[in-house]
Structures are given as structure tokens and as C-alpha cells.
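The primary structure of each chain is shown beneath.
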Amino acid sequence: MRKKKVRRMQVWEACSDAMISFDKNAMTEDLAYIVENDVILTGITRRLEAFQQDNPSLQVMHGAKVERYELPQPHLRDDFQKPLTVLHLDNGKSIKARLVIGADGMNSLLRKTMQVKYVEWDYNQMAVVATLSFSEATENNVAWQRFTPTGPIALLPLTEDMSSLVWTTTPDNAKALLRATEETFIDSLNAALWDDSQKDGFTKRALDTFSSALSFIKPEGSTFRQLPPHIVGVDKKSRAAFPLGLGHAVDYVATRAALIGDAAHRVHPLAGQGVNLGFGDVVCLRDVLSRSRQDGCDLGDLAHLLEYETLRQRHVIPTMAVVDGLNRLYGTSFSPLVLLRSLGLRASDACKPIKDYIVAHGSKAT
């Protein structure tokens, strides 16, 4: 089980020399944390086991799957008089609940049962994931991301000599990378991280001029450029790929039902916000349900659930729009757009308040 603190993030692109870096107080504070899923699951399991000791009424069911839901009719106004939600399991059992929370992923059965409108589109991209090893152990507390015309490549630290890879690329290239030998895979990855053949000459000259002027106006605005590590190995069993797309449920709640995580919203992984948005849903829904109980209301009270939906959509929708826009902006090698985004990235790197705002928004759960 692996986890690592991130003290710095460096983002740069393949079509120019533009880059931006993020840190907190000159790398003296943690910027983010990279945690393997097994670590999270182990932590949740331990908390459940500890909670069960003091609350024997809590029941955890393993090896059971919901086949269908029965939701109350929305026209019944008195929440205490509404029928309960019924979960029909594949083992023949049924469970009645005042509230069911759907955390069942982008193909959520609960969302489909709620019959809410779901806006979605496919990016025609796939994310190749793998666990990488380096030639030597280092502090390895920097997260790296390089934008290429086919999608971003991210290296996220796991240990002193290992990082997690998220490589966005075309479906054909993703399938080829999965079939490739370890040597070919590593060579392709290093080339994608270091190749300068796609740089635009006009953009480079314009960016150099802009950077010189910016350095004259604000000498302390420039940040130092670190070189990414050289990859020498990949865990044979870690390579996998999954399709990328955007999805958003217009409604997160219904009578006695609420959606969280990918069941409610699905984003591109380029900003690493998917799981953060899901954690934010959990925190917000917990707070709303706590207030509902303190007010003496039913947990399935739609008025309280609508408060959760409003609060979360105020945060989720702008985040999704920015992530989608970045993916589209960096998915082209068209010179005018390359110049525009390069100048914007360079200016943002020189403006600490902008970078602080980006870090604060990305770190904020709710």
C-alpha cells in the first residue's frame, strides 16, 4: 500500500516552452496527497469495524448486488408519510430505507431509476494507467503533467522511487501501449515526456519576447524549471486503460434518494478533481443530513436533500466547465491557440494570487 505527499506540481506543454508550477510556502507545506485506492479502502474498512463495535445495528453486506430500486412517488408531499425506498438484492432479500445514497459509478442504477436527465459526451480519448519505477530513489514529492495534442501525461508520486501514470491519448494509441513490451512502453513514455518536435517556432519567439518583458516588470515572477524523472520500469500487472468522457446529472436528488461521486458527475482526469469532487459530495451530504436530524426531519426530506444538490452544483459545475475547457484548449496544435494558451500560462505562472486561487479551489472539498 502506497501513499505520498506532494509538495510541488509542474505543468508544461509540448507545443511551447510555457509552464506553470504550484507549491505552498516554498515547498514547506503539502500541496496534495496521492493515495492508492487500497489504502483508502483499508482505512474505510477499519473505521467501519471500529464503529460497529459501538453500534451493532450497523450492518455491512458483502457479495450482494442491487438488482432494482423502488422509489416513492414524488407527488406525495408529507415526507414522513411517503413509502420507504426498497432495494431488491440479487440474493432474494429486500431492504427498506428512508434514504438511499447512490455511489455506484458513472453507470449508476440508482440514477437511471430516478429517471433524471443526464448530460454526457465522449472525448474519444482513453487514459492509460500504470505504476512506474525510476532509476534511483529521490525525495519524489513533485507531481508532473505535460500537455500534448493527444492529451496530458501525468506522473504522480507514490514512493521515493515509484510514481503512478495517467496518460491520456487516442484509443488506438492506448490499445497499442497496452500490447507493447515493457521496453517499448517505457521508450514511448520517455519520448512523450521529452520530445520537442511539436514545438511551434512562432510561439516560441513570441513567448521568449513576452517572458523577457514580464521578467523586466516582475523579476520575482519566474519559477525554476525542474526536469522530470527518467522512467526505467513499469509494473507488468499495473497497465490498464479506460475511456474518458464528461457526464452530469441535472438532478442529484429525488424523494428518498441522493447521488454522489461519479453517479452524479464525471470529469476528465487532467486536473485530478474526480475523487476530490466525490469526497466533497460526502462531506456536504453528511453536513446536510446532520442538520436534518437536528431539526427533527426525516433523512429523506427532499427540502434538505435539495440543499445538498444546490451547494454541490455551485462547486461542481464550474469545476467541470474549467476542466472540459482546458482539455479542449490543449487538445489542438493550431498555432494561434497555442500562442494564446502559452501566453496565458506564462502570465499565470508569474501571478502568485492566481496560482494561490487555483490551489485553493482545487483543494477545497465543498
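Note that the coordinates shown come from a computational prediction; the quantities given were computed from them, not determined experimentally.

Caption draft 1: Expanded view of helix 8 (residues 335-349). If you check helix 8, its first and last C-alpha atoms are 21 Å apart, about what 15 residues at 1.5 Å a residue would give, namely 21 Å. Residues Val338, Leu339, Arg341, Ser342, Leu345, Arg346, Ser348 and Asp349 constitute the buried set of helix 8.

Caption draft 2: Structural view of a nonpolar patch on the surface. Together, Leu41, Ile44, Leu48 and Val60 make up a nonpolar patch on the protein surface, roughly 300 Å² of accessible area in all. Of note, Leu41 is situated in helix 1 (residues 37-54).

Caption draft 3: Quick look at the sheet that holds strand 15 (residues 253-254). Read from one edge to the other, the open sheet built from three strands follows the order 8-16-15, with strand pairing classed as mixed. Each of the sheet's edge strands pairs with one partner strand only, and the pair in question is strand 8 (100-102) and strand 15. Two elements, strand 8 and strand 16 (residues 257-259), share three bridges in a ladder whose sense is parallel. Counted as the bridge partner of Ile101 is Ala258 from strand 16.

Caption draft 4: Main features of the sheet that holds strand 7 (residues 94-97). Strands sit in the order 5-6-7 across an open sheet of three strands; the sheet is antiparallel. Looking at strand neighbours, the two that pair on one side only are strand 5 (66-70) and strand 7, the edges of this open sheet. The sheet shows a mean angle of 20 degrees between the axes of neighbouring strands, direction not considered.

Caption draft 5: Main features of helix 7 (residues 302-329). With 28 residues, helix 7 extends 39 Å between its outermost C-alpha atoms, agreeing within 8% with the 40 Å of an ideal straight helix rising 1.5 Å per residue. The axis of helix 7 is deflected most strongly, by about 35 degrees, at Gln313. Measuring from the side-chain oxygen of the N-cap residue of helix 7 to the backbone nitrogen of Ala303 gives 3.0 Å; that N-cap residue is Asp301.

Caption draft 6: Looking closely at the environment of Val338. Within the element layout of this structure, Val338 appears in helix 8. Separated by 104 residues in the primary sequence, Val338 and Val234 place their C-alpha atoms 32 Å from one another. Leave out the neighbours within four places in its chain, and Val338 touches Glu13, Cys15, Thr203, Thr332 and Ser333.

Caption draft 7: How the structure looks around the packing of helix 6 (residues 274-294) against helix 7. Contact geometry for helix 6 and helix 7: axes closest at 9 Å, N-to-C directions at 155 degrees. With respect to helix 7, the axis of helix 6 lies roughly antiparallel. Like other packed secondary-structure pairs, helix 6 and helix 7 cross with a definite hand, here right-handed. Residue-level contacts link Leu277, Gly280, Asp281, Cys284, Leu285, Val288, Leu289, Arg291 and Ser292 of helix 6 to His304, Leu305, Glu307, Tyr308, Leu311, Arg312, His315, Val316 and Thr319 of helix 7. By residue class, the composition of the contact of helix 6 with helix 7 is nine nonpolar, five polar and four charged.

Caption draft 8: Highlighting the side chain of Arg146. Its place among the elements puts Arg146 in strand 10 (residues 142-148). Within the local environment of Arg146, its side chain forms a polar contact with the backbone oxygen of Leu193, the two atoms lying 3.2 Å apart. A distance of 3.5 Å separates the side chain of Arg146 from the side chain of Asp196, its partner in a polar contact. Apart from the residues lying within four places of it in its own chain, the contact partners of Arg146 are Trp12, Glu13, Ala14, Gly151, Pro152, Ile153, Ala191, Ala192, Leu193, Trp194, Asp195 and Asp196.

Each value, and the rule that gives it
Residues numbered from 1 in each chain as written. Predicted model: local features only at pLDDT ≥ 70, side-chain atom pairs only at ≥ 80, totals over all residues. Heavy atoms only, no water. Helix = DSSP H or I, 4+ residues; strand = E, 2+ residues; numbered from the N terminus. Expected span 1.5 Å × (residues − 1). Buried < 20%, exposed > 50% of the residue type's maximum accessible area, 1.4 Å probe, protein only. Patch = residues over 30% accessible without salt bridge, like charges linked within 9 Å, V, L, I, M, F, W, Y side chains within 5 Å. Areas by Shrake-Rupley, 256 points an atom, 1.4 Å probe, with all protein chains shown as cover. Salt bridge = Lys/Arg side-chain N within 4 Å of Asp/Glu carboxyl O. Pairing = 2+ DSSP bridges. Axes fitted to C-alpha atoms, helices over the stretch in contact; angles between N-to-C directions. Bend = angle between axes of the 7 residues up to and from the residue. Polar contact = N/O pair within 3.5 Å; in protein donor to acceptor, adjacent residues only side chain to side chain. Contact = heavy atoms within 4.5 Å. Parallel < 35°, antiparallel > 145°, perpendicular 65-115°, else oblique. Left-handed = near helix turned anticlockwise from the far one by under 90°. Nonpolar A, V, L, I, M, F, W, Y, C, P; charged D, E, K, R; others polar.

Honestly, it's all geometry; don't read function into it.
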